[in-house]
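So you can see what is in the structure, the chains are spelled out below.
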Amino acid sequence: QVQLVESGGGLVKPGGSLKLSCVASGFTSSFSLYAMSWYRQAPGKERELVASVTSTGSSANYADSVKGRFAISRDDAKNTLYLQMNSLKPEDTAVYYCHARSWFTAAQYWGQGTLVTVSS
């Protein structure tokens, strides 16, 4: 069945960088037909949208808190979504989730999450 498998999380010092990956599998339609997003959830807080991209070549949208520091991208040939995170801050500490939404059926899928901890 459909799976979104994330990797790249870990412990990093403030000001450091980290790159998250999300590999999709089991889609009955092309990966290119899904809008992709990254969400995050910090302890005791609501899950929030971090960044999204509709398709390859489309503009990306970012939460104000990460603009200028994070970059979302996708490689449809590899069925993979990325999140490059630079200048990390302690408040970026959260579980980061990959999300997919079909353009046509509105079916939605979530990854299992990967923990990012920013601490000295």
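Here is what the cut-offs are and how they apply
Residues numbered from 1 in each chain as written. Predicted model: local features only at pLDDT ≥ 70, side-chain atom pairs only at ≥ 80, totals over all residues. Heavy atoms only, no water. Helix = DSSP H or I, 4+ residues; strand = E, 2+ residues; numbered from the N terminus. Polar contact = N/O pair within 3.5 Å; in protein donor to acceptor, adjacent residues only side chain to side chain. Contact = heavy atoms within 4.5 Å. Pairing = 2+ DSSP bridges. Axes fitted to C-alpha atoms, helices over the stretch in contact; angles between N-to-C directions. Phe/Tyr/Trp six-rings, centres within 6.5 Å; stacked < 30°, edge-to-face > 60°. Buried < 20%, exposed > 50% of the residue type's maximum accessible area, 1.4 Å probe, protein only. Lys NZ or Arg CZ within 6 Å of the ring centre and 35° of its normal.

Concerning the side chain of His 99
Part 1 of the reasoning: Tracing the chain through its elements places His 99 in strand 9 (residues 94–102).
Part 2 of the reasoning: Of note is the side chain of His 99, whose polar atom sits 2.9 Å from the side chain of Gln 108.
Part 3 of the reasoning: Sequence-distant contacts of His 99, that is, excluding residues within four places in its chain, are made with Leu 4, Ala 35, Met 36, Ser 37, Tyr 39, Gln 108, Tyr 109 and Trp 110.

As for the sheet that holds strand 3 (residues 18–25)
Part 1 of the reasoning: Strand order in the open sheet made by the 4 strands is 1-3-8-7, with antiparallel pairing throughout. The open sheet has two edge strands with one neighbour each: strand 1 (3–7) and strand 7 (70–75). Across the sheet, the mean angle separating the axes of adjacent strands is 15° when strand polarity is ignored.
Part 2 of the reasoning: With 6 bridges joining them, strand 7 and strand 8 (residues 80–85) adopt antiparallel strand pairing. Each bridged residue has a counterpart across the sheet, and for Ser 73 the counterpart in strand 8 is Tyr 82.

Focus on the packing of aromatic side chains
Part 1 of the reasoning: Under the definition given, this model contains 7 aromatic pairs.
Part 2 of the reasoning: Measuring from centroid to centroid gives 6.3 Å for Phe 27 and Phe 31, while their planes differ by 20°, and the two rings are stacked.
Part 3 of the reasoning: Phe 31 gets classed as buried once you look at its relative accessible area, which sits at 3%.
Part 4 of the reasoning: What links up through ring pairs into an aromatic cluster is the set Phe 27, Phe 31, Tyr 34 and Tyr 109.
Part 5 of the reasoning: Sitting over the ring of Tyr 82, Lys 19 keeps its end group 4.6 Å from the ring centre.
Part 6 of the reasoning: A cation over a ring is seen here: Arg 47 above Trp 110, with NZ or CZ 4.7 Å from the ring centre.

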